[in-house]
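# Survey of secondary and tertiary structure
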Amino acid sequence: MIWKILLFLIIAFVSVAGIAFPIVEKPEFWYQFPLIPGLEENAKIIFFHVPTSWLTVIAFLMSTIYSIKYLRRKDLIDDAKAHTAAQLGMIFCILATVTGAVWAKFAWGSFWSWDPRQTSIFALLLIYGALFALRSAVEQEEKRATLASVYSIIAFVTVPFFIFIMPRIMKGLHPGSADDTHSGPVVDFKMNSNMLLIFYLSLIGFTILYYWMWQVGYKSMIYKDKLNKQF
Amino acid sequence: MTSIALFRKDLASELRTRYAINSLLMFIIVTISVILFSIGNEKISDYLSGGLFWVVVFFTAMSGLARAFVSEEERGTSLLLQLIASPATVFSGKLIFNLVLVFSMNVVIANLYTALFDAFVIKNLLLFSTAFLFGSIGIAISSTVIAAIIAKAGSKGTLYPVLSFPILLPLILILIELTKMSMDGTAFEEGYIEVAVLICYDVIMISASYLLFDFIWKD
Amino acid sequence: MISYTLNVDSITKTFGRRLIFKNVSLNCEQPGIWGIAGPNGSGKSTFVKCLCGIISPSSGKITHTLNGREIESEELHNHIGFVSPYLVLYDEFTAEENLKFFAEIRGVKYNQAKIDYLLNEFLLFDRKKDFVKAYSSGMKQRLKFLFALMHSPALVILDEPISNLDNSGKEKVYKIIGEEAKKSIIIIASNDDSDLALCSSVLELTNYKSEQF
C-alpha cells in the first residue's frame, strides 16, 4: 500500500512539475528549468517520452529473459510473465512512438523522418506486432508459448544490429545522437539539478508503475487460465 | 552427410512437384513488371533502383521459402522426418535447400534486373558480389527458421512476411547501404565494416537458429 | 549379440493442464512383445511417441540402452522402427524411392536383401515402382511396416498395427511380428484383442479425461 501511495505521489509530482514549471534563460528559483538551445519549451517532453522508451526496452528485455526461462523449465507461468511484459512493452512502445512523433513535428518540422531512433522504435513495434500475430495464430498453449519464446529470442539477437548499423546509414537528428551538434547529450550537462531530479523521479516512477502493472497483468492471466480450466 | 541426403530428397520432390520453383519464378516476373509499370517513362534515381532490387528479393523470398517446412507439416510427413532424422539434420538439410533456392532466385533476379533497369549500374562489382553472397546466406538462414516457426503455427501464408520482416530488416538495411556504395564505386576497404556486420548477422543468426530449432521441431 | 533395453521410469504427460497419463512405468530388458492397451483418449499414441523421443514427458525419465551404454537422443531415431496410422509417407515418390531416401537420410546402408524379403512378404514387390499416391490405404499400411523394419531396429513400436489391413495382411503382420520378436523388443499399442493376444504382458492405461489436479 505504501508503495502505491508513493507511486501516486511521484507520478503526480512529475506530471505537475514536468508540465507546469517554467523554462527561463537564467533559472533563479528551484522550480525553474534552464533553456536548452535547440530544444527550448519542447524539452519538457523528456519527462514523459524518455521513460516510456526506456520501459519499451526494459519490457522487451524482460520478455526475452522469461522466454529463455520458459524454454529451460517449460513452466507456463514464465510464459505468462513474458507475454505480459510484451503486452506492456507494446503499450509503452506506442506511447514512446506517439510522444516522439508529436515532439518531432515541433522540433524537426515533420512527424516522421526515419531518424535512427525512430527507425529502431519502429522495428521494436514491428517485433511486438509480429509476436502478437504469432500468438494469436497458435491454439495449443504449450506450442504457443514455445514458438513465441523462440521468436522473441531470435528477434532479440537482431536488436544489436539496429544499434550498430543505424547510425552509419542515417543521420541522427535525435538529441543525444553522436552527430547531433546543436543540442548535444541532454542528460549529461545541459540539464540543471532540478530538471535532472524530476527526470530521474519520472524514470523511477514509471518503472515502478510498469513493475506493478506487470505483476497485476501476469497474475490475472494465471487466474484467468485457472478459471477457464475449471469447467 | 545425412543432411545432404535430406536436401537431395527435397530437391527431387521439388523437381517433381515444381511448387516452389514455379511460384518463385512467377513472383519475380510479377514484382518486376509491377515496378516497371509504376515507373512508366519516368527516370528513377540509381539509389532507388538499388533499394527496389532488395524489395523484389525480399518479397520473392517470402513467396516461396516457407515451402521447406510448411509442405512437410501440411502433408503430415513431419512425423516421418522426426523418426528418421535428428533435429540438427533436419535443420541443416532444409537450410541447404533454401540456400540453393535463394541463390538461384537471386541470380535470376539480378540478371533480369540488370537487363531491365538502366539505372541499376554496379561500379564496384566485388563489393556488390560480397554483399550479394552474404546477403543471400542471411536471407536463407532467417527465412528457414521463421518457416519452421510458422509451419508449427496455424495460419501459414499471411504470417510469414509479418514474422520475417523485423528479423530481416537489419539485413536489408545493410544490403541497401552496400548496394548504394557499390553503385557509387566505393572502394572495398571503405565498405569493410558493413561487410563485417553482414557476416556477423549470418553467424549470429545461424547459431541462434541452430540452438533454438530443437524447441520448434519437437512437439 | 545386441542387448537393448528400454526403461520407462514413472513418466507423466500433461498438455496444458490436461493430464494424459500419470506415473507410467515399463521395463523391457529382453526381446519379446509388450502390449499397451487402454480406451480411446487414454494416451496410447502419446505414450508411444514419448518412447520414440518425439514428445518429451512432463516428468519422469525414459532410458534406452544399447549394450549397456545409454543412447543419445540425437541418434535414438536410428534404433527405433515405428508404425502408426497417422504416419504419412512421401506420395510423390515410388515405394522404392521412399525407402532409399529413408536409408540415406538415416545414414544407414540400404539393405537390399532384407527389403526384398519384406517386399515379397507384404506382397508389394511388383508394385515397388509405383507412386505411393496410387496406393490403397492397406498397401500404405504395409509399406509402413517396411519403413519400420528396413533398418533392423532393436526396438519396434507399433501403434494400431492392423488398421486398414485385410485378413491376409493381418496374418502377414503377425507372422513378421513373431519373427522380429526373436531378436528385438516389440511394443504394440492397440485395443484389438488379437493384437494383444501376441503380447507377453500388457500395460493398461487409464482414462484421465475428467481428472483435475
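This section reports on the structure supplied with the text.

### A few points about the overall build of chain C
- If you tally the helices and strands in chain C, you get six helices and nine strands.
- Taking 2.2 N^0.38 as the reference for a compact globule, 213 residues should give roughly 17 Å; the C-alpha atoms of chain C span a radius of gyration of 17 Å, in line with that estimate.
- Expressed along its principal axes, the backbone C-alpha trace of chain C runs to roughly 55 × 35 × 30 Å.
- Within the span of chain C, comprising 213 residues, buried residues form 55% of the whole.
- Sequence-distant contacts, at least 24 apart, represent 72% of the contacts inside chain C between residues at least 6 apart.

### Quick look at the side chain of Thr52(A)
- Within the fold, Thr52(A) resides in helix H2 (residues 46-73).
- Other than its neighbours up to four places away in sequence, Thr52(A) contacts Phe92(A), Leu95(A), Ala96(A) and Thr99(A).

### Brief notes about the interface of chain B and chain A
- With 30 residues of chain B at the contact, the number on the chain A side is 27 residues.
- When the buried area of chain B at its contact with chain A is split by residue, Pro166(B), Leu212(B) and Phe215(B) rank highest and sum to 20% of it.
- At the junction of chain B and chain A, the tally comes to zero salt bridges.
- Here chain B is connected to chain A by one residue pair in polar contact (both at pLDDT 80 or more).
- Broken down by secondary-structure element, the contributors of at least two residues to the side of chain B that touches chain A are helix H7 (125-152), helix H8 (159-184) and helix H9 (192-217) of chain B.
- A per-class count over the side of chain B that touches chain A returns 24 nonpolar, two polar and four charged.

### Remarks on the sheet that holds strand S7 (residues 155-159) of chain C
Residues and elements named next belong to chain C.
- Spatial ordering of the open sheet is given by S6-S7-S8-S3-S9, a layout of five strands whose pairing is parallel. At either end of the open sheet lies a strand with only one pairing partner, and these are strand S6 (80-83) and strand S9 (201-204). For this sheet the average axis-to-axis angle between neighbouring strands, irrespective of direction, equals 15°.
- Where helix H4 (residues 137-149) meets the sheet, it contacts S6 and S7, and its direction lies at approximately 170° from that of S6.

### Focus on the interface of chain C and chain B
- Residue-level contacts link 28 residues of chain C with 26 residues of chain B.
- Between chain C and chain B the total buried area reaches about 2,400 Å² when both faces are included, carbon and sulfur atoms providing 64% of it.
- Of all residues in chain C, Ile54(C), Tyr90(C) and Ile105(C) give up the largest surface area on contact with chain B, accounting jointly for 31% of the area buried on that side.
- In this structure, Arg75(B) and Glu92(C) form a salt bridge, with 2.5 Å as the shortest nitrogen-oxygen distance.

### Section: the pattern of salt bridges
Residue and element names in this part refer to chain B.
- With the rule as written, the count across this model stands at 21 salt bridges over all chains.
- The salt bridge involving Glu14 is made with Arg67; its shortest N-O contact spans 3.4 Å. Note that Glu14 is positioned in helix H1 (residues 2-17) and Arg67 in helix H4 (residues 67-75), a separation of 53 residues in sequence.
- The exposure class of Arg67 is buried, given its relative accessible area of 14%.
- Notably, a salt bridge pairs Glu72 with Lys94, separated by 2.8 Å at the nearest N-O pair. Within this pair, whereas Glu72 is found in helix H4, its partner Lys94 is found in helix H6 (residues 87-116), the two being separated by 22 residues in sequence.
- Counted as one network, the salt bridges with shared partners bring together Lys9, Asp10, Glu72 and Lys94.

### Overview of the packing of helix H2 (residues 19-39) of chain B against H6(B)
All names here are of chain B.
- The geometry of H2 relative to H6 is characterised by a closest axis approach of 11 Å and an angle of 25° between their N-to-C directions. Comparing the axis directions of H2 and H6 gives the class roughly parallel. Taken as a pair, H2 and H6 cross one another with a handedness that is right-handed. Of H6, the residues touching H2 (which contributes Ala20, Leu24, Leu25, Ile28, Ile32 and Leu36) are Leu101, Met105, Val108, Ile109, Leu112, Tyr113 and Leu116.
- Taken together, the residues that form the contact of H2 with H6 break down as 13 nonpolar, no polar and no charged.

### Quick notes on the packing of aromatic side chains
- Inspection of the entire model under this criterion finds 31 aromatic pairs over all chains.
- Pairing Trp114(A) with Phe122(A) gives two aromatic rings, centres 5.3 Å apart and planes at 85°, and the pair type is edge-to-face.
- We classify Phe122(A) as partly exposed; its relative accessible area is 27%.
- Ring centres of Phe21(C) and Phe47(C) lie 5.5 Å apart, and the angle between their planes is 80°; this geometry places the pair in the edge-to-face category. Here Phe21(C) is found in strand S2 (residues 18-28), whereas its partner Phe47(C) is found in helix H1 (residues 44-52), with 26 residues between them in sequence.

### A short note on the pairing of strand S1 (residues 4-15) of chain C
Residues and elements named next belong to chain C.
- Two strands pair when backbone bridges link them, and S1 and strand S4 (residues 59-66) are joined in this way by seven bridges, in the antiparallel orientation. Following the sheet pairing, Asp9 is matched in S4 by Lys61.
- The pairing of S1 with S2 spans seven bridges and is classified as antiparallel. What sits directly across from Lys13, in S2, is Phe21.
- Hairpin remark: S1 followed by S2, antiparallel, with two residues in the connecting loop; positive phi at Gly16, about 60°.

### Details of the nonpolar core
- With 193 residues, the main nonpolar core has Phe53(B), Phe47(C) and Ile187(C) as its most contacted residues.
- For this core, the element with the most residues is H7(B), which contributes 14 residues.
- When near neighbours in sequence (up to four residues on either side) are disregarded, Phe47(C) contacts Val8(C), Ile11(C), Phe21(C), Val24(C), Leu26(C), Ile36(C), Leu203(C) and Leu205(C).
- In terms of nonpolar packing, the next biggest core, distinct from the first, is built from 11 residues, Phe21(A), Phe33(A), Met195(A) and Phe199(A) among them.

Cut-offs and rules
Residues numbered from 1 in each chain as written. Chains lettered and ligands numbered in written order. Predicted model: local features only at pLDDT ≥ 70, side-chain atom pairs only at ≥ 80, totals over all residues. Heavy atoms only, no water. Helix = DSSP H or I, 4+ residues; strand = E, 2+ residues; numbered from the N terminus. Rg over C-alpha atoms; globule rule 2.2 N^0.38 Å. Buried < 20%, exposed > 50% of the residue type's maximum accessible area, 1.4 Å probe, protein only. Contact = heavy atoms within 4.5 Å. Buried area = accessible area lost by both parts, 1.4 Å probe. Salt bridge = Lys/Arg side-chain N within 4 Å of Asp/Glu carboxyl O. Polar contact = N/O pair within 3.5 Å; in protein donor to acceptor, adjacent residues only side chain to side chain. Nonpolar A, V, L, I, M, F, W, Y, C, P; charged D, E, K, R; others polar. Pairing = 2+ DSSP bridges. Axes fitted to C-alpha atoms, helices over the stretch in contact; angles between N-to-C directions. Parallel < 35°, antiparallel > 145°, perpendicular 65-115°, else oblique. Left-handed = near helix turned anticlockwise from the far one by under 90°. Phe/Tyr/Trp six-rings, centres within 6.5 Å; stacked < 30°, edge-to-face > 60°. Core = buried A, V, L, I, M, F, W, Y, C linked by side-chain atoms within 4.5 Å.

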